[in-house]
Amino acid sequence: MLFLVAALLLFGAVLGTVAHAPFTFTAVAAAGIAVWLGIFALRERHARRHASTH
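Residues numbered from 1 in each chain as written. Predicted model: local features only at pLDDT ≥ 70, side-chain atom pairs only at ≥ 80, totals over all residues. Heavy atoms only, no water.

(A) Spotlight on the overall build of the chain. For the chain, the helix and strand inventory stands at 2 helices and 0 strands. In terms of overall dimensions, the chain is more spread out than a globule: its C-alpha atoms have a radius of gyration of 16 Å, far above the 10 Å expected for 54 residues. On the principal axes, the C-alpha backbone points of the chain span a range of 50 × 35 × 5 Å. Taken across its 54 residues, the chain has 0% of its residues classed as buried. (Helix = DSSP H or I, 4+ residues; strand = E, 2+ residues; numbered from the N terminus. Rg over C-alpha atoms; globule rule 2.2 N^0.38 Å. Buried < 20%, exposed > 50% of the residue type's maximum accessible area, 1.4 Å probe, protein only.)

Listed below in structure tokens is the structure:
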């Protein structure tokens, strides 16, 4: 429960920051996060495939 409260507070702080940031900065930051998450997902998928075959 405490984790959920902390996550919601952080989410609110981030949204408050994004509301005052220029749109170009927000778009670049969102694209960077999307790329980072995509790379992370591919690495995890690759690691799970190799771990299950050995």
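(B) Broad picture of the environment of Pro22. With respect to the helices, strands and loops of the structure, Pro22 is situated in the loop between α1 (2-20) and α2 (23-53). Sequence spacing of Pro22 and Arg45 is 23 residues, and the spatial spacing of their C-alpha atoms is 35 Å.

(C) Quick look at a nonpolar patch on the surface. Taken together, Met1, Leu2, Leu4, Val5, Leu8 and Leu9 make up a surface patch of nonpolar side chains, about 700 Å² in accessible area. Mapped onto the elements of the fold, Met1 is located in the segment before α1. According to the relative accessible area criterion, Met1 is exposed, its value standing at 78%. (Patch = residues over 30% accessible without salt bridge, like charges linked within 9 Å, V, L, I, M, F, W, Y side chains within 5 Å. Areas by Shrake-Rupley, 256 points an atom, 1.4 Å probe, with all protein chains shown as cover. Salt bridge = Lys/Arg side-chain N within 4 Å of Asp/Glu carboxyl O.)

The analysis is restricted to geometry; functional conclusions fall outside its scope.
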